Number of protein chains: 2
Amino acid sequence: MAKTEVNVAVVGTGAVGQEILRVLDERRFPLGELRLLATARSAGQRYVFGGREYEVGLAEAESFDGVDLCFFAASNDASRDLAPEAVARGATVIDKSSYFRLRPDVPLVVPEVNGEALREHRGIIASPNCSTIQLVMALKPIADAAGLRRVVVSTYQSVSGTGREAMEELRSQSLDVLSGAPPRVKVYTQPIAFNLLPQIDAFGADGYTGEERKLMDETRKILRRPDLAITATAVRVPVFIGHAEAVNLQTDRPMSPEEAREVMAAFPGVILWDDPQTGQWPTPLAVAGTDDVYVGRVRRDLSVENGLALFVVADNLRKGAATNAVQIAERLVAWEML
Amino acid sequence: MAKTEVNVAVVGTGAVGQEILRVLDERRFPLGELRLLATARSAGQRYVFGGREYEVGLAEAESFDGVDLCFFAASNDASRDLAPEAVARGATVIDKSSYFRLRPDVPLVVPEVNGEALREHRGIIASPNCSTIQLVMALKPIADAAGLRRVVVSTYQSVSGTGREAMEELRSQSLDVLSGAPPRVKVYTQPIAFNLLPQIDAFGADGYTGEERKLMDETRKILRRPDLAITATAVRVPVFIGHAEAVNLQTDRPMSPEEAREVMAAFPGVILWDDPQTGQWPTPLAVAGTDDVYVGRVRRDLSVENGLALFVVADNLRKGAATNAVQIAERLVAWEML
């Protein structure tokens, strides 16, 4: 039988860790005990959550005794070292890091898209990269209805994907520039204020960045299409919250923009904002703080057989991170898997 | 014989008109008389240029008497009404508006790409849209070397493409947001500060915007490939100067990234900034104020046969507008066509 209350630990007190706390509260997750954990750097800090004050504990193996469910929203190293410890102590781990995502024995889950993969978990469940989540949310209903042959995606990714220090850098650099001072560079290698950085994460030997590689590999895994033809360009833009993606795709069978809008609008968690007549389309600013994936600019891509183009926007800290992780947790509760 | 001095008129005192004056000066164009002209709204303003002060005259048919060469950098209406008047009075017109660009009897010219088209002009020469110019500069050497089968482009376009009021709007809205005030919207329909607007220009019945349509149609005309498979998504980003484009293309014959880099680097006006090892790639901020087109992120697009991906950046006010127009003028002088 499902526990009525779940003992939860959240590892990581950055932008995503804090957003997970907010989303757990908003969605009235059946919380029992709550532990906030972090590496030595942040341990000892205090946070108020749900009217109670919490002191952040040091994340170590013993921290997970008595924990049913643990969210990891810290570094890859933290997940690598501590997630197996949490599992060994009986916890189920929902991991936001990229460390376990491509392991064959770890399900990589967007509940609306491949929730059934949760059934196969062995303790660790990975939540995908922010840019992947919003992409597969838009692709899944189209793939189901018309088959997916090829995907070309160019991203417009906000600085909150990097973290809180990057948000502070965008703020301070913007003020520098607007006051005529040279922008001070710390988090990124070049100024992000009023600029674009066509590199997210490190380069691989094939010329793709880690972020682009994640988008391609994770999409293939989630859609169970290891052969899917997909290519990505990932660009950091001077936006605080919200990622956008320009997507050109090709389906196996013909699909009109009207049909594409219909199947996407019927998909849970996807909202169509798409009316050229009234100039309606989604923007990062308009969707920040919401839990859904917004699609606009749906039209034929006439440059290829069965081509479609669309523009996908979501809050990268919410559906792109915290909300997706909490939705995984809700599914585990609903399916009595905790 | 070529005139040693050319009597020039510049119609329009906006961002592009002023940039044309700067570029004429920097490149030591053989100026004779210079007239600054504008519609009633700006007539009477004074500008200092080359150490002399000029009063902006009202642009009307008679303004073009004695003018050899006239740059139009004002509205489509101004070009429609006055360019034929200038031609009737013996001037050659270089038009930055979109009004004449797709007319079969008007050459649409990027000198490095299709300069020979100038030979066919009948008084009016059109300079392409900013986003088109930097795209065809990167595509032309690849098309010549390996044939071009399909192009998918997603743009990241700065507010200076809209004009000076939009630059002021980005500045003031950014200050609004950074001080916690609601951003005041005037030029665009939604805030551009720390946001993205996936609409540039009006929508057509096919769901493409005017900017996207220009990119597709103008590229086909300039490359003399009316059949070229090309699709575009145009997005306004919170950058002051400089447009970027994520380009995925397919060639007829196989071409390695190394070959692509080679042929582009050998093409006049294209500069490769492309070294993943050192994290070298172009950004709008880094190329602002320069006259060339910068290409980085050249890599295989493995999702399609003969696929390549690249990232193209240029100063939209310079090569994307003023510099290209002045280069057309220089070619006319060199070819003794004035």
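Rules used in this analysis
- Residues numbered from 1 in each chain as written.
- Chains lettered and ligands numbered in written order.
- Predicted model: local features only at pLDDT ≥ 70, side-chain atom pairs only at ≥ 80, totals over all residues.
- Least-squares fit on C-alpha atoms with pLDDT ≥ 70 in both.
- Contact = placed C-beta atoms within 7 Å.
- Helix = DSSP H or I, 4+ residues; strand = E, 2+ residues; numbered from the N terminus.
- Nonpolar A, V, L, I, M, F, W, Y, C, P; charged D, E, K, R; others polar.
- Core = buried A, V, L, I, M, F, W, Y, C linked by C-beta atoms within 7 Å.
- Buried ≥ 20, exposed ≤ 12 C-beta atoms within 10 Å, placed from the backbone.
- Pairing = 2+ DSSP bridges.
- Axes fitted to C-alpha atoms, helices over the stretch in contact; angles between N-to-C directions.
- Domains from an automatic or database assignment.
- Expected span 1.5 Å × (residues − 1).
- Bend = angle between axes of the 7 residues up to and from the residue.

## Side note on the relation of the copies chain B and chain A
Mapping chain B onto chain A is achieved by rotating through 180° and translating by 0.0 Å along the same axis, at an RMSD of 0.0 Å. Between the two chains, the operation in question is that of a two-fold axis. With an isologous cut-off of 70% or more, the 100% of interface residues of chain B that recur at the interface of chain A puts this contact in the isologous class.

## Things to note about the interface of chain B and chain A
On the chain A side, the residues contacting the 50 residues of chain B number 50 residues. Where the side of chain B that touches chain A is concerned, the elements lending two or more residues are β9 (148-156), α5 (164-178), β10 (229-233), β11 (243-251), α8 (284-287), β13 (293-300) and β14 (307-314) of chain B. Here the side of chain B that touches chain A is built from residues that sort into 29 nonpolar, 14 polar and 7 charged.

## Here we look at the nonpolar core
Val11(A) and Val11(B) are the most contacted members of the largest nonpolar core, which totals 221 residues. With near-sequence residues (within four places) excluded, Val11(B) lies in contact with Leu37(B), Ala38(B), Ala59(B), Cys70(B), Phe71(B), Phe72(B), Ala73(B), Ala74(B), Ala78(B) and Leu82(B).

## Notes on the sheet that holds strand β12 (residues 270-272) of chain A
Residues and elements named next belong to chain A. Strand order across the open sheet formed by 6 strands is β10-β9-β11-β14-β13-β12, with mixed pairing between neighbours. The sheet terminates laterally at β10 (229-233) and β12, the two strands that pair on one side only. Along the sheet, successive strands turn relative to each other by an average axial angle of 25°, direction set aside. Relative to strand β11 (residues 243-251), strand β9 (residues 148-156) runs antiparallel, the two being bridged by 8 bridges. Looking at the pairing, valine 153 lines up with valine 247 of β11. Across the face of the sheet, helix α4 (residues 130-146) comes into contact with β9, β11, β12, β13 (293-300) and β14 (307-314) while running at roughly 25° to β11. Lying on the sheet, helix α6 (residues 210-222) is in contact with β9 and β10; it crosses β10 at an angle near 155°.

## Notes on the domain arrangement of chain A
Where interface size is given, it is often the accessible area lost as the parts come together that is meant. Residue and element names in this part refer to chain A. You can read the domains of chain A as domain 1 (6-128 + 321-334) and domain 2 (132-316). Here the C-alpha centre of domain 2 lies 25 Å away from the C-alpha centre of domain 1. Across the boundary between the two partners, domain 1 contributes 14 residues, which contact 18 residues of domain 2. Mapped by element, the contributors of at least two residues to the side of domain 1 that touches domain 2 are α3 (111-114) and α9 (318-334). When the residues that make up the side of domain 1 that touches domain 2 are grouped by side-chain class, the tally is 7 nonpolar, 5 polar and 2 charged.

## Things to note about the pairing of strand β4 (residues 52-55) of chain A
Look at any regular strand and the pattern is simple: side chains alternate between the two faces of the sheet. Residues and elements named next belong to chain A. As paired strands, strand β3 (residues 46-49) and β4 are joined by 4 bridges and run antiparallel to one another. Note that in β4 the partner of tyrosine 47 across the bridge is tyrosine 54. Counting the residues between successive antiparallel strands, the hairpin from β3 to β4 contains 2 residues, one of them, glycine 50, with a positive phi of roughly 60°.

## Here we look at helix α4 (residues 130-146) of chain B
All names here are of chain B. Here α4 spans 25 Å end to end across 17 residues, near enough to the 24 Å set by a 1.5 Å rise per residue. Of all the bends in α4, the greatest, near 30°, is centred on leucine 139, and the proline proline 141 appears no more than four residues after it. Most of α4 is tucked away: 15 of the 17 residues are buried. Just downstream of α4 lies glycine 147, where phi reads positive at about 75°.

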